[in-house]
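Topology and contacts: notes
The chain contents come next:
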Amino acid sequence: MADGALLLQAVVDSLPAYREFPAIGSRAAVWIAAEVHLMFAAFVLGVPLFAVVAEAIGIFNKEDRYDRLAKEFTRLLLVAYSATAIWGVVLTFFLLTLYPRFFRYLSAIFGPSMWLYVGLFFLESFTLYLYYYGWERWKQGRAKWAHWSLGILLNVWGTIVMFIANSWLTYMMSPPRDVAPATDPTTIKVWHAIANATWMPINVHRLIANVVFGGAIVAAYASYRFLAARSDEERAHYDWMGYVGNFIAISALIVLPFAGYWLGREIYEYDESMGITMMGGFMSWLWVIQAFLIAVLFLAGNYYLWVGMERIPGAERFRPYTKWLLAILVVGAIVWGTPHTMIATSKEIAAMGGSHHPFLGVLGVMSAKNTAVNLMILTTFLSFLMYRRANKRPVVPWARTGTQIQAAMFIVAAAVVLFYGIRGYFVEAIVRIGYSVYQVLAVLACIVGVTVIDVMLGRGAVSRGDIQWGKMPPRSQYALFILAVTFTWLMGLMGFARSGIRQHWHVWQVMRDTSTSAATPALGYAAEMISVCVLIFLALVAFVFWLGGLAEKPTFVQTEATGGVHVGH
Amino acid sequence: MWATNLRIVALVLGTLGLYTLIANEIPQVQSEVPQTLALGADVTPEQLVAAGERVFTGAGGCTACHGLGTRAPNLLTDEKGTGLIGERCGKREPGKSCKQYLYESLDNPNASVVPGYEPIMPAVTRQLPPAQVWAVIAFLESQGGSVDVTASDIPAQTPGLTPGASPGSAGGGALAGGSTDPMTLFRVGGCVGCHKLGAEGGAVGPDLSRIGARQTASQIRVSILDPDARITPGFENFKGIMPKTFGDQLTAAQLEALVRFLAARR
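**Section: the overall build of chain A**
Scanning chain A from terminus to terminus reveals 18 helices and four strands. Within chain A, the fraction of its 569 residues that count as buried is 47%. Taking the intrachain contacts of chain A between residues at least 6 apart in sequence as the baseline, contacts between residues at least 24 apart amount to 85%.

**Overview of the nonpolar core**
All names here are of chain A. If you look at the biggest cluster of nonpolar residues, it comprises 168 residues, and the most contacted ones within it are Phe73, Val212, Ala216, Ala249, Leu483 and Ala484. The dominant element in this core, judged by the number of residues it contributes, is helix α2 (residues 26-61), at 20 residues. Here Val212 is in contact with Ala249, Ala252, Leu253, Leu256 and Phe487, once residues within four sequence places are set aside.

**Concerning the confidence of the model for chain A**
The predicted coordinates of low-pLDDT regions are not to be read in fine detail. For chain A, per-residue confidence averages 87 on the pLDDT scale, and residues scoring 70 or more make up 90% of the total. In the predicted structure, residues 559-569 of chain A sits below a pLDDT of 50 and forms 20 contacts with residues beyond four places in sequence or in another chain.

**Notes on unusual backbone geometry**
Residue and element names in this part refer to chain A. Even without a glycine there, the phi angle at Lys62 is positive, about 55°. Despite not being glycine, Gln509 shows a phi value in the positive range, around 60°. Among the residues examined, Gln509 registers 21 C-beta atoms within 10 Å and is labelled buried.

**Concerning helix α4 (residues 100-133) of chain A**
An α-helical turn contains 3.6 residues, so a residue and the one three or four places further along point in the same direction. Residue and element names in this part refer to chain A. Over its 34 residues, α4 runs only 40 Å from end to end, short of the ideal 50 Å by more than 12%, given 1.5 Å per residue. Along α4, the sharpest change in direction is near 80° and occurs at Phe110; proline Pro112 comes one to four residues later. Where α4 is buried, its residues touch α3 (64-98), α5 (141-173), α6 (190-194), β3 (505-507) and β4 (511-512).

**Examining the packing of α5 of chain A against helix α7 (residues 199-228) of chain A**
Residues and elements named next belong to chain A. It is at 9 Å that the axes of α5 and α7 come closest, and there the two elements cross at 130°. The orientation of α5 relative to α7 falls into the category oblique. Seen along the crossing, α5 lies across α7 with a hand that is right-handed. When α5 is examined against α7, the residues Thr159, Met162, Phe163, Asn166, Ser167 and Thr170 are found in contact with a partner set consisting of Trp199, Ile202, Asn203, Arg206 and Leu207. Classifying every residue of the contact of α5 with α7 by side-chain character gives five nonpolar, five polar and one charged.

**Concerning helix α2 (residues 45-57) of chain B**
Its 13 residues give α2 of chain B an end-to-end C-alpha distance of 18 Å, which sits within 8% of 18 Å, the value for a rise of 1.5 Å per residue. Looking at α2 of chain B, one finds that the buried residues are Leu48, Val49, Ala51, Gly52, Glu53, Val55 and Phe56 of chain B.

**Comments concerning the confidence of the model for chain B**
Residues and elements named next belong to chain B. Taken as a whole, chain B shows an average pLDDT of 78; of its residues, 82% reach a score of 70 or greater. Across chain B, the element-wise mean pLDDT spans from 72 in helix α9 (residues 246-249) up to 93 in helix α1 (residues 2-25). Every residue in residues 157-173 scores below 50 in pLDDT, and together they form 53 contacts with partners more than four places removed in sequence or on other chains. Model confidence for the complex is summarised by a pTM of 0.76, with the ipTM given as 0.87.

Rules behind the numbers
- Residues numbered from 1 in each chain as written.
- Chains lettered and ligands numbered in written order.
- Predicted model: local features only at pLDDT ≥ 70, side-chain atom pairs only at ≥ 80, totals over all residues.
- Helix = DSSP H or I, 4+ residues; strand = E, 2+ residues; numbered from the N terminus.
- Buried ≥ 20, exposed ≤ 12 C-beta atoms within 10 Å, placed from the backbone.
- Contact = placed C-beta atoms within 7 Å.
- Core = buried A, V, L, I, M, F, W, Y, C linked by C-beta atoms within 7 Å.
- pLDDT = per-residue confidence, 0-100.
- Expected span 1.5 Å × (residues − 1).
- Bend = angle between axes of the 7 residues up to and from the residue.
- Axes fitted to C-alpha atoms, helices over the stretch in contact; angles between N-to-C directions.
- Parallel < 35°, antiparallel > 145°, perpendicular 65-115°, else oblique.
- Left-handed = near helix turned anticlockwise from the far one by under 90°.
- Nonpolar A, V, L, I, M, F, W, Y, C, P; charged D, E, K, R; others polar.

See below:
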């Protein structure tokens, strides 16, 4: 028996570094498994975050529809959870069989954290089962609070699980500086490897991105239900659910770039060459594509709000402004997508007539781009504010002054953004980089200040009429689909950026990729892979949601969606 | 309902198709793996310059910053009236030749940052093998100056050695990044999985703790390169398990270091 074990060990030790996967190759196989697993994981980590928030709103405001919404979110979670685990297993087996030496290297360092991961996965699973199946049983009094605590616990387990998995991939990007190619992996302390330079920025970035992603997928689910609805009540419920999902997605999206800046800065601080590869090297064109995708998100998100205002009495007074908002978004998107410093051959530079385009080059610099994106964020916030205010007539005595202060805040924020954007052209790069902080702070201050005033203005507000939930044209629902597809594709693109900047290294400057697929592919090939992954994910999501629908009827609220005075959202 | 389903499918496919199309329409740049440069003792300046240009515009990634006029000094065109890099490199630091200055710029770029630029350049010597570094220097010297890099500047290098090769590398690079530490080779090479050496190791193959007392250095060398040539009595059932690839994986220096180390275990 012992000889058999030793023989097995000997066989493992003599394994080749790589094995080839039939037809599509090892890299494509692992790429698909990792990406689809990540998409499901993002969904099952993002949804519980706002399921507990929705449940809390239901508890505090005593609004049953929020409680039912949270339950329906969780039901989606339940069916997606097993798909996440299956794809996780597929990824693990692919790594074990296609990249055996690399996986052995990682497991030599992270073995204990992998055991912990599995243990927490069990805890998370059973907490989820308790949370969902105990919903009706623990619905009243203290039991409800205990149930809500289970939701919190579910998020705690999920977040720790994500943090552990993040440590493995961030180690590949930014191993501690004292780790060299010759370092025996068994001598590297686990915590030393976990707490690497990019671990926490990735944790925060993914936490926020999961909320964005979960919101977008839930909104797409609701939009499908809306389009398939057979009654007005059902349509009203899913209209409202789509609104909530989209609101959560867009709100979290506004914060996401700040987490992205932090991650980018840490990458530069860890290794400049990696940062330069990311922003100015062979990946520079990726950011132009990213700008295009985010422009689509802004435009589709705003379009959904503008169309949604058609079902809100009183919103017609804001309609004349939408064309101007659209103009700002379109111009902003064009500026943001303007290429500037690209990796180029001497022939290409000569064809361009210099290192930059003689006219467009001026728009491609960070001063212009930061200005554009900050104005786009302000514009989106203004759209949301108009949506929020559409059917309200404030009654507080200082209503007029409050609105004027809000307008002044917008003007000041836009002026600060423009001032530093223009001034950025006349100062050194190091000073210019600092200006982006002032621009961001001005926008954030405006968002916070205006929201606080708006909440106070809304106290006791008189309704101009109920929101006609369900009276949305179908085209608005297709906008939600575009948002979900674009969010998912963007996630795949950013995953390629994060992973691709390691180039031909499994572990940056420690473990070289010597496989036949070591070269990092160009964006065209990456885009094809991303589209395949998104297609697989969306097809499976549609399937598991359909399965979920077979098992249980959706839970929509009849009475509150159609009757009663409801001011606000 | 089928019409709605079809519309949704068409919308999703259309959106994915559009994004994929746009990504394929922009310039396609693939990040290639740096190749080991084989430069013999009789390499000519022209060969060095040609090789350096390929590294400069390719695997070296130099054009990501140099030549754009914003992030780093122009090297191939005039830099603020000071001429091309080959013209100005010998005047940048008193007492340093062009060659010395350029090597310092690649080895320790922050030692002398050109005024007006940020210290953002990474140490290129950490990323490229010496032959490529010296080829780039020759190429830069050729930009308005004369090339004085020769084969003697390039440190002797074992053929096939790729700096930074990892424990997991297979082919194309030496084990353990070229390390000649015998214990590192013993562990990274996987010997420890089967052979016991002191307190560590498995028991699939013979115990090597006192191998020097049983075999000569020559016999040990043969056992590493051709493991099945002679099977130690008692291990006949394990014939064929030990890889026959160490002759390809180890450099000559590594093999000799390992043989000497084992022969001394008495």
